[in-house]
Amino acid sequence: MSPHLFSYDFRYDDNGYETETSRKQLEVEDSVGDIYLDSVESSSLKYGGDIDDSKHRLFRDRHEQFLRNMIGGLPSGFKVLDASQPWFSLWCLNSLSIMGCDIDDLLQSRTIETLKPLQDPEGGFCGGNRQLPHLAGSYAAVLAIALVGGEEAYRIVDREAMYRWLMTMKNADGSFSMHKDGEVDVRGVYCAMVIASLLNIMTPDLVRGAAEFIGRCQTCEGGIGPFPGVEAHGGYTLCGLAALEILDRFDTVNLTRLARWMSARQLEFEGGFNGRTNKLVDGCYSYWVGGAFPILQKALGRAARDDYLYDRAALQRYILACCQDTKNDMGGLRDKPGKSPDLYHTMYCLVGLSLSQHYVGVDPGAKKLEDKTSVYTVPVRMMQWDVSPPQKLVLGLQSNAVVPVHPVYSIPFRPLAA
């Protein structure tokens, strides 16, 4: 792998018209530039300095301790996130799994005991006790259950009640409400398709109109917005594209425009992604944008030798150098320099790191498998995704390598195959 060049010539150009947006962008670039400059031989800067990536390190032990401290008990200030209980399980379990850490019997049983009472008798999982069942909370709960694995965990889910509840969330235009009388956006379709595909409860009635709704959410820029007529956003683009992969319906979006918009989300100076045009870099988009590229690769029929349409090494550099606090012993990953680490960013930075290290995809020449026991043969098709070892790219120490994950589900392959 040839060295990357560092140069302040790659910085944002406001064309002499300073705005609040441009000032914030340049402030972020200052903090990122100071970090990258530490890895450059100063005498070479005149000609474009070579960045020495050999010493980048994933502080796995610190991050594991950060996660286990969170699992052990949260400060009282976290009560504002009472409606996110399934998410805490997913963020912690998935982060540990991606780093290859042990999920022992005690943690598994604690997760089961946490999630079990959150299932509503009418179907779906609530974010907290005595709350409404919610699609996002149900999505997180089902993925957390998949990570725990085993019959005891699987028996938590009432599949028939879940299906009935999903159908009550379904709208006539193909969209899904996030909860009863709740907001409607592309997240709903994605969460519903992930849940239904993992539980093998997809039916023609459940999926009818969903792909067309996503297609109407594609904007003039090329990305996908939350609902028709609203600005494109990285998170909604991943949700839309992943749902279309489950549905096997890429025909409803313009892939060329989508590819152009997605590629423009990687920032030239920082190397990480932003979520919208003229927005700041954020580590969470390592998955919410970066995770969409393997799916786009499949949709375009591109082979592994063509690689993804973004700079994988640059993204890893941003995650390892800027989303970790390399100066102190604090664990967890963060949005950007100057921000504090949290569980959300820890998981999505790690998912993005995994997908930038491992090339995952489906061979364009592979025969599409069929399974008459499920609509669209979803479980079988999702398992056609695989890792291509020759395309593996690990920046810095080889011990930085983490476990490969499935781009549609954001969790490692092994639990999905159980």
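Described in the following lines is the structure provided in the data block. All residue numbers refer to positions counted from 1 along the written sequence of the respective chain. Reporting of local features is limited, given that this is a predicted model, to residues whose pLDDT is at least 70; pairs of side-chain atoms are given and counted only at 80 or more, and all residues count toward the totals for whole chains, interfaces and linings. Heavy atoms from the whole structure form the basis of all side-chain values; hydrogens and water molecules are not counted.

**Some words on the overall build of the chain**
A run of DSSP states H or I qualifies as a helix once it reaches four residues; a run of E qualifies as a strand once it reaches two. Both are numbered from the N-terminal end. Counting its secondary structure elements, the chain contains 18 helices and four strands. Since a compact globule built from 418 residues should have a radius of gyration of about 22 Å, the 21 Å found for the chain is in line with a globular shape. Dimensions of the chain, computed from C-alpha atoms along their principal axes, come out at roughly 65 × 45 × 45 Å. Summary of the burial criterion: residues with accessible area below 20% of their type's maximum are buried, those above 50% are exposed, and those between are partly exposed, where the area comes from a 1.4 Å probe applied to protein chains only. In the chain, which comprises 418 residues, the share counted as buried stands at 57%. Every residue pair with non-hydrogen atoms within 4.5 Å of one another is taken to be in contact. A separation of at least 24 residues holds for 71% of the contacts in the chain among residues at least 6 apart in sequence. About 18100 Å² of surface is accessible on the chain, with carbon and sulfur atoms providing 50% of the total. For this count, His and the chain ends are skipped, Lys and Arg are scored as positive, and Asp and Glu as negative. All charge positions are set by atom: Lys at NZ, Arg at CZ, Asp at CG, Glu at CD. Positive and negative charge centroids in the chain, built from 42 and 52 side chains respectively, lie 3 Å apart. Between the two quantities, the radius of gyration covers C-alpha atoms and the globule rule is 2.2 Å times the number of residues to the power 0.38. Computed by Shrake-Rupley with a 1.4 Å probe, the accessible areas treat only the displayed protein chains as cover when residues are assessed.

**Some thoughts on unusual backbone geometry**
The residue R130 is not glycine, and still its phi comes out positive at about 60°. The class for R130 is exposed, based on a relative accessible area of 88%. Of note, D181 is a non-glycine position whose phi angle comes to about 60°, a positive value. Counting through the fold element by element, D181 comes out in the loop between helix 7 (159-169) and helix 8 (186-199). On the basis of relative accessible area, D181 is assigned to the exposed category, the value being 74%.

**With respect to the environment of G361**
Relative to the helices and strands, G361 resides in strand 3 (residues 359-361). For the pair G361 and C239, spaced 122 residues apart in the sequence, the C-alpha separation amounts to 17 Å. When near neighbours in sequence (up to four residues on either side) are disregarded, G361 contacts Q384, W385 and D386.

**Focus: the pattern of salt bridges**
For side chains bearing opposite charge, pairing can occur when the charged atoms are close. What counts as a salt bridge is simple: a side-chain nitrogen of Lys or Arg found within 4 Å of a carboxyl oxygen of Asp or Glu. Under the defined criterion, the tally for this structure stands at 18 salt bridges. With its nearest N and O atoms 3.0 Å apart, the salt bridge here joins E29 to R11. Remark: R11 occurs in the loop between strand 1 (5-6) and helix 1 (20-37) and E29 occurs in helix 1; sequence separation between them is 18 residues. Its relative accessible area of 2% is what places E29 among the buried residues. Exposure remark for R11: the relative accessible area of 22% places this residue in the partly exposed category. Salt bridges sharing partners connect three or more residues here, namely R11, E29 and D30.

**A closer look at the packing of aromatic side chains**
For Phe, Tyr and Trp, rings pair up if their centres lie within 6.5 Å, where Trp contributes its six-membered ring, and each pair is then called stacked (planes under 30 degrees apart), edge-to-face (over 60) or tilted (otherwise). Across all of its chains, the model carries 16 aromatic pairs by this definition. Considering the side-chain rings of W288 and Y348, the 4.9 Å spacing of their centres and the 40° angle between planes classify their relative orientation as tilted. In this pair, W288 sits in helix 13 (residues 285-288) while Y348 sits in helix 16 (residues 343-357), placing the two residues 60 residues apart along the sequence. In this structure, W288 and Y348 share a single accessibility class: buried. Summarising the aromatic geometry, the rings of Y308 and Y310 are spaced 6.0 Å apart at their centres and angled 5° between planes, so their arrangement reads as stacked.

**Quick word on the nonpolar core**
By convention a nonpolar core is built from buried Ala, Val, Leu, Ile, Met, Phe, Trp, Tyr and Cys residues, the set being connected through side-chain atoms within 4.5 Å. Counting residues in hydrophobic clusters, the biggest one holds 128 residues, and the most contacted among them are M162, L166 and M193. If one sorts the elements of this core by residue count, helix 5 (residues 135-148) sits on top with twelve residues. Apart from residues lying up to four places away in sequence, L166 is in contact with L135, F176, A192, I195, A196, I201 and L206.

**Concerning the packing of helix 3 (residues 85-98) against helix 4 (residues 105-115)**
It is the contact of helix 3 with helix 4, at a shortest axis distance of 10 Å, that shows an interaxial angle of 160°. Here helix 3 is positioned roughly antiparallel relative to helix 4, judged by the angle of their axes. Pair helix 3 / helix 4 crosses with left-handed handedness. In this structure, helix 3 uses Q85, P86, S89, L93 and L96 to contact helix 4, whose residues at the interface are L107, T111, T114 and L115. Residue composition of the contact of helix 3 with helix 4, grouped by class: five nonpolar, four polar and no charged. All axes here are fitted lines through C-alpha atoms, helices being fitted over the stretch that makes contact, and every angle between N-to-C directions spans 0 to 180 degrees. To sort the angles, those under 35 degrees are grouped as roughly parallel, those over 145 as roughly antiparallel, those from 65 to 115 as roughly perpendicular, and the leftovers as oblique. Working rule for handedness: look at the near helix, and if it is turned counterclockwise from the far one by less than a right angle, call the crossing left-handed; if clockwise, right-handed. Under the convention adopted here, Pro, Cys and the residues Ala, Val, Leu, Ile, Met, Phe, Trp and Tyr are nonpolar, Asp, Glu, Lys and Arg are charged, and Gly plus all remaining residues are polar.

**What to know about the environment of R164**
Here R164 shows up in helix 7. The exposure class assigned to R164 is partly exposed, which follows from its relative accessible area of 48%. R164 sits 103 residues away from D61 along the chain, and the two C-alpha atoms are 43 Å apart.

**Things to note about helix 16**
A helix is expected to reach a length of 1.5 Å times the quantity of its residues less one. In this model, helix 16 (15 residues) spans 21 Å end to end at C-alpha, consistent with the 21 Å of a helix rising 1.5 Å per residue. For helix 16, the tally of buried residues reaches 14 of 15 residues, placing the bulk of the element in the interior. N or O atoms closer than or at 3.5 Å make up a polar contact, with two conditions inside protein: a donor-capable atom paired with an acceptor-capable one, and, for residues adjacent in sequence, both atoms drawn from side chains. Here helix 16 starts with a cap whose side-chain oxygen sits 3.1 Å from the backbone nitrogen of Y344, and that cap is D342.

**Topic: helix 2 (residues 60-72)**
Across its 13 residues, helix 2 extends 18 Å between first and last C-alpha, which sits within 8% of the 18 Å expected from 1.5 Å per residue. Taken together, the buried positions of helix 2 are R60, H63, F66, L67, M70 and I71. What you see down the axis of helix 2 is that its buried residues fit within an arc of 135°, all on one side. Opposite its buried face, helix 2 presents the exposed residues D61 and G72, each directed more than 90 degrees away. As for helix 2, its buried residues are in contact with helix 3, helix 4 and helix 16. Looking at the residues trailing helix 2, positive phi occurs at G73, about 155°. Relevant arc is that of directions from the helix axis to the C-beta atoms, nothing else.

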